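Examining the three-dimensional arrangement
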Amino acid sequence: MTLHTVSELLSNNNKLPEVEIKGWVRTFRANRFIALNDGSSLNNIQCVVDFEQTDESVLKRITTGAAVHIKGELVESQGKGQKVEIIVKSIAILGDSDPETYPIQPKKHSFEFLRENAHLRTRTNTFSAVMRLRSALSFAIHKYFNDNGFFYMHAPIVTGSDAEGAGEMFRVSNLDAKNPPLTKEGKVDFSKDFFGKETNLTVSGQLEAETYAMSLGKVYTFGPTFRAENSNTSRHLAEFWMIEPEVAFMDLAGNMDLAEDFLKYVLKYVLTNNREDLDFLESRLLDEEKTKPQAERSEMSLIEKLDFVIDNNFKRVSYTEAIDILRNSTPNKKKKFKYIINEWGADLQSEHERFLVEKHFKCPVILFDYPANIKAFYMRLNEDGKTVRAMDILFPGIGEMVGGSQREERLEVLKEKMAALDIDEKELWWYLDLRKYGTAVHSGFGLGFERLVMFATGMTNIRDVIPFPRTPQNAEF
Ligand code: 4AD
Ligand code: MG
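Residues numbered from 1 in each chain as written. Chains lettered and ligands numbered in written order. Predicted model: local features only at pLDDT ≥ 70, side-chain atom pairs only at ≥ 80, totals over all residues. Heavy atoms only, no water.

1. A word on the overall build of the protein
- Counting secondary structure elements, the protein contains 14 helices and 16 strands.
- Taking the principal axes of the C-alpha coordinates as reference, the protein spans close to 85 × 55 × 45 Å.
- Buried positions account for 50% of the 477 residues belonging to the protein.
- Residue pairs in contact within the protein that sit at least 24 positions apart in sequence constitute 67% of those at least 6 positions apart.
- Across the protein, the centroid of the 61 positively charged side chains sits 3 Å from that of the 71 negatively charged ones. (Helix = DSSP H or I, 4+ residues; strand = E, 2+ residues; numbered from the N terminus. Buried < 20%, exposed > 50% of the residue type's maximum accessible area, 1.4 Å probe, protein only. Contact = heavy atoms within 4.5 Å. Lys, Arg positive; Asp, Glu negative; His and termini not counted. Charge placed at Lys NZ, Arg CZ, Asp CG, Glu CD.)

This is how it looks when you write it as structure tokens:
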């Protein structure tokens, strides 16, 4: 007999004389009813034990958290709350649990507590639902690109270049930290390091992806990226996963179309395929909202939000228009913003992004044509000489979901920008080669995967949508 899963059995409408299942006990009630979960479904299957036929010593070991192996018969349930249940014919304890110390008790736990027990938190309904959705979203992402003729490219994780020019990188080195080799000038001599140069964990696979776009045409990366920014917020991780498509012969308008189509597709995918988990997370969120003051409650439920994004066009707004809106906004005039917007050129803070998305437009917004000096060196300079073909996609409740641009394809312009920012041409000789040999218009963007998972699940802390979050002062597990 092959092993069944809870998910299979719950969707089975026929009686099955012989079923076999392994899972973890969620609860054991009245010495008779086991709620069993094996991770395949949000729901538990009820297994009915005949305590008169079962050894006292075995009954005692059926406790919350224990792993068990059950053989029995699948029947229509006698009780309320479930369609089918298993009449247990034999039960074996595979692994005992200690009900006194097992952290995941059948009651409500705070997310803070569960973060400290991240190795066991996927045994709760909320975290198992979130992580099944995370898995489904990854699959949908690969499916979207595969169905649309993109090739999956693996960008290196150890890199010698700083793609974003932000300098917030983690060094990769095997030099003796206490006693590193020094140059004549007294600096650390990285030529003696493992790679013969200074290397870091990548902040983005974009520059390498560009080389592949300029040969394979349409590519995307999907891998871990690292940022040593010391921002302990609910939207930043030091290690996060990024999806970066890059397409030859595509301009910024095409980039916006791609990003919008892609985001709608993956959200629609989970709405269609993961409805049970989404419904659960929606009701969880509704309960949480009830504890908040009326004014802070969301106007839409989780599913309504997802539907809204899928059904409506993202609003496309230039940076210049956005600055006008912000300058004339009530919170700016009443000095409610922490950073007051006075003039064109100001970098937008998350309070401004949230105002635009949540209060003004009330839908996802694509902001484009930003001032050149607040964006990365590789973005294409516009004819006005002061803005670049950049785009950020802002989402309600999240802020920046996507950052992308049309890339500077003109060798001379790119060299000038690098010189102005003190970026050594020798470091990026291969990147410049792309502009020497068969250069062409090309564009791409980066989507922060965890921010997408946050939006899709309604979770409000990014630490709760990645298995083992890496944040300042925290790399447990
Ligand atoms: O806007 P960013 O920095 O863009 C890039 O890295 C480009 N190279 C992308 C490209 O054009 N190929 O980062 C892209 C996205 C952000 O919009 C955000 O969603 C996410 O990555 N992100 C983070 N997510 C979690 N934690 C952090 N510390 C993040 N930093 C950026
Ligand atoms: Mg950005």
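After that view of the structure, there is still more to cover.
2. Considering the pattern of salt bridges
- Scanning the model with the defined rule gives 26 salt bridges in all.
- Here D257 ties to R316 by a salt bridge, and the two come within 2.9 Å at their closest N and O atoms. On the criterion of sequence distance, the pair formed by D257 in helix α6 (residues 252–273) and R316 in strand β12 (residues 315–318) is long-range, its members being 59 residues apart.
- On the basis of relative accessible area, R316 is assigned to the partly exposed category, the value being 32%.
- With a shortest N-O distance of 3.1 Å, R354 and E358 are connected by a salt bridge. Residue R354 and its partner E358 are both found in helix α11 (residues 350–361); the two are separated by 4 residues, about one turn of the helix.
- The exposure class of R354 is partly exposed, given its relative accessible area of 33%. (Salt bridge = Lys/Arg side-chain N within 4 Å of Asp/Glu carboxyl O.)

3. Observations regarding the site of ligand 1
- The environment of ligand 1 is formed by 24 residues, the closest being E164, Q206, R227, E244 and E400.
- Between a nitrogen atom of ligand 1 and a side-chain N or O atom of E229, the distance comes to 3.0 Å.
- Within the complex, the protein chains bury 93% of what would otherwise be the 630 Å² of accessible surface of ligand 1.
- Looking at the shell around ligand 1, the elements with two or more residues in it are β11 (239–248), β15 (399–406) and β16 (442–448).
- With 5 residues, β15 is the single largest residue contributor to the shell around ligand 1. (Near = heavy atom within 4 Å. Polar contact = N/O pair within 3.5 Å; in protein donor to acceptor, adjacent residues only side chain to side chain. Areas by Shrake-Rupley, 256 points an atom, 1.4 Å probe, with all protein chains shown as cover.)

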